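# Residue-level structure breakdown
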Amino acid sequence: MPKLVLVIANKNYSSWSLRPWMALTMAGIPFDEKMVRFGEPQFGQEIRKISPAGRVPVLLHGKLVIWDSLAILDYLAEIFPGKNLWPKSKAARATARSVSNEIHSGFSDLRSACPMNLRRPSKVVKMSDAANADVSRIEALWRDCRKTYGKGGKFLFGKFSIADAMYAPIVSRFETYSIPVAKDSREYMANITSTRAFQTWKAEALGEPWIVPEDEVD
Ligand SMILES: N[C@@H](CCC(=O)N[C@@H](CS)C(=O)NCC(=O)O)C(=O)O
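Residues numbered from 1 in each chain as written. Predicted model: local features only at pLDDT ≥ 70, side-chain atom pairs only at ≥ 80, totals over all residues. Heavy atoms only, no water.

## Observations concerning the site of the ligand
Near the ligand, the surroundings consist of Ser 14, Trp 16, Phe 38, Phe 43, Arg 55, Val 56, Pro 57, Asp 68, Ser 69 and His 104. Residue Arg 55 places a side-chain N or O atom 2.9 Å away from an oxygen atom belonging to the ligand. One of the backbone nitrogen or oxygen atoms of Val 56 is found 2.8 Å away from a nitrogen atom of the ligand. Coverage of the ligand by the protein amounts to 75% of the 510 Å² it exposes when considered alone. (Near = heavy atom within 4 Å. Polar contact = N/O pair within 3.5 Å; in protein donor to acceptor, adjacent residues only side chain to side chain. Areas by Shrake-Rupley, 256 points an atom, 1.4 Å probe, with all protein chains shown as cover.)

## Examining the packing of aromatic side chains
Counted according to the given criterion, the structure contains eight aromatic pairs. Here the aromatic rings of Trp 21 and Trp 201 are separated by 5.2 Å at their centres, their planes lie at 65°, and the arrangement is edge-to-face. Separated by 180 residues along the polypeptide, Trp 21 in helix α1 (residues 15-27) and Trp 201 in helix α9 (residues 196-206) bring together distant segments of the chain. Each member of the pair, Trp 21 as well as Trp 201, carries the same accessibility label: buried. Following the ring pairs from residue to residue traces out a cluster consisting of Trp 142, Tyr 167, Phe 174 and Tyr 188. One cation-aromatic arrangement involves Arg 97 over Trp 86; the distance from NZ or CZ to the ring centre is 4.9 Å. (Phe/Tyr/Trp six-rings, centres within 6.5 Å; stacked < 30°, edge-to-face > 60°. Helix = DSSP H or I, 4+ residues; strand = E, 2+ residues; numbered from the N terminus. Buried < 20%, exposed > 50% of the residue type's maximum accessible area, 1.4 Å probe, protein only. Lys NZ or Arg CZ within 6 Å of the ring centre and 35° of its normal.)

## A short note on the pattern of salt bridges
Scanning all chains against the criterion turns up 11 salt bridges. Arg 97 serves as the salt-bridge partner of Asp 74, at 3.9 Å between the closest nitrogen and oxygen. Residue Asp 74 is found in helix α3 (residues 69-79), and its partner Arg 97 is found in helix α4 (residues 90-105); the two are separated by 23 residues along the sequence. Residue Arg 143 is joined to Glu 139 by a salt bridge in which the shortest nitrogen-to-oxygen separation is 3.7 Å. Note that Arg 143 and Glu 139 are positioned in helix α6 (residues 129-149) at a spacing of four residues, about one turn of the helix. (Salt bridge = Lys/Arg side-chain N within 4 Å of Asp/Glu carboxyl O.)

## Quick look at the domain arrangement of the protein
Split into domains, the protein comes out as domain 1 (4-83 + 202-215) and domain 2 (90-195). A combined buried area of about 2,000 Å² lies between domain 1 and domain 2, and 63% of that area is made up of carbon and sulfur atoms. Seen at the junction of domain 1 and domain 2, the total is nine residue pairs in polar contact (both at pLDDT 80 or more). Grouping the constituent residues of the side of domain 1 that touches domain 2 by class yields 13 nonpolar, four polar and eight charged. (Domains from an automatic or database assignment. Buried area = accessible area lost by both parts, 1.4 Å probe. Nonpolar A, V, L, I, M, F, W, Y, C, P; charged D, E, K, R; others polar.)

## Let's talk about the packing of α1 against helix α7 (residues 162-176)
Running from N to C, α1 and α7 point in directions that differ by 125°, and their axes come no closer than 7 Å. By the angle between their directions, the pair α1 and α7 is classed as oblique. Relative to α7, the crossing made by α1 is right-handed. Only Ala 165, Met 166, Ala 168, Pro 169 and Arg 173 of α7 make contact with α1, whose side of the interface consists of Ser 15, Leu 18, Arg 19, Met 22 and Ala 23. Of the residues belonging to the contact of α1 with α7, the class tally is seven nonpolar, one polar and two charged. (Axes fitted to C-alpha atoms, helices over the stretch in contact; angles between N-to-C directions. Parallel < 35°, antiparallel > 145°, perpendicular 65-115°, else oblique. Left-handed = near helix turned anticlockwise from the far one by under 90°. Contact = heavy atoms within 4.5 Å.)

Following this line, the structure appears as structure tokens:
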């Protein structure tokens, strides 16, 4: 099988890059990574040489170019069926896909109020009602998934799955913007942040010297 190459941007800011990186790392799938840096004048030109969509992440597999974080995760689930990146049972899988698509196409109020910035000292930010409604919905869906499918495991569907990878950037946002959440949400967040994968990503993010002013929220 050709080598997998994951093209990402700055670990401090690139929430969409974190998703496939986290899934690959949690599953122990070997891959190379290549970074195209935000805030550099040549970012657009560089990324367009790799993917016409002009965004990260991108997965390169031989001649195949796969862009979009969820498409990459789906492809990985297909080529590594033994890793069970989606939950095994049909009902759990359908729900995992629903919550993954919900974050993929939604929660824009929360996302724009709180851009991922792992380096940010944990501090409250003023949130709109719409952003607070996003937080409540996320907590409710985490709770439902864990209650229905997650018993006996630390993650939304028990074992780590694509759904957890999709929500890992949200976990980081809840932390860095000191968003008040319920005890069960905090427990789930700790289960994500205590993984070696998340800690490695975060340590590398904190070691990055580059500041992108438009992604910094006071
Ligand atoms: N739906 C895409 C969105 C990717 C995306 O928006 N990536 C951002 C960075 S995290 C990006 O490349 N932004 C560069 C730009 O807008 O020029 C995915 O899930 O991969």
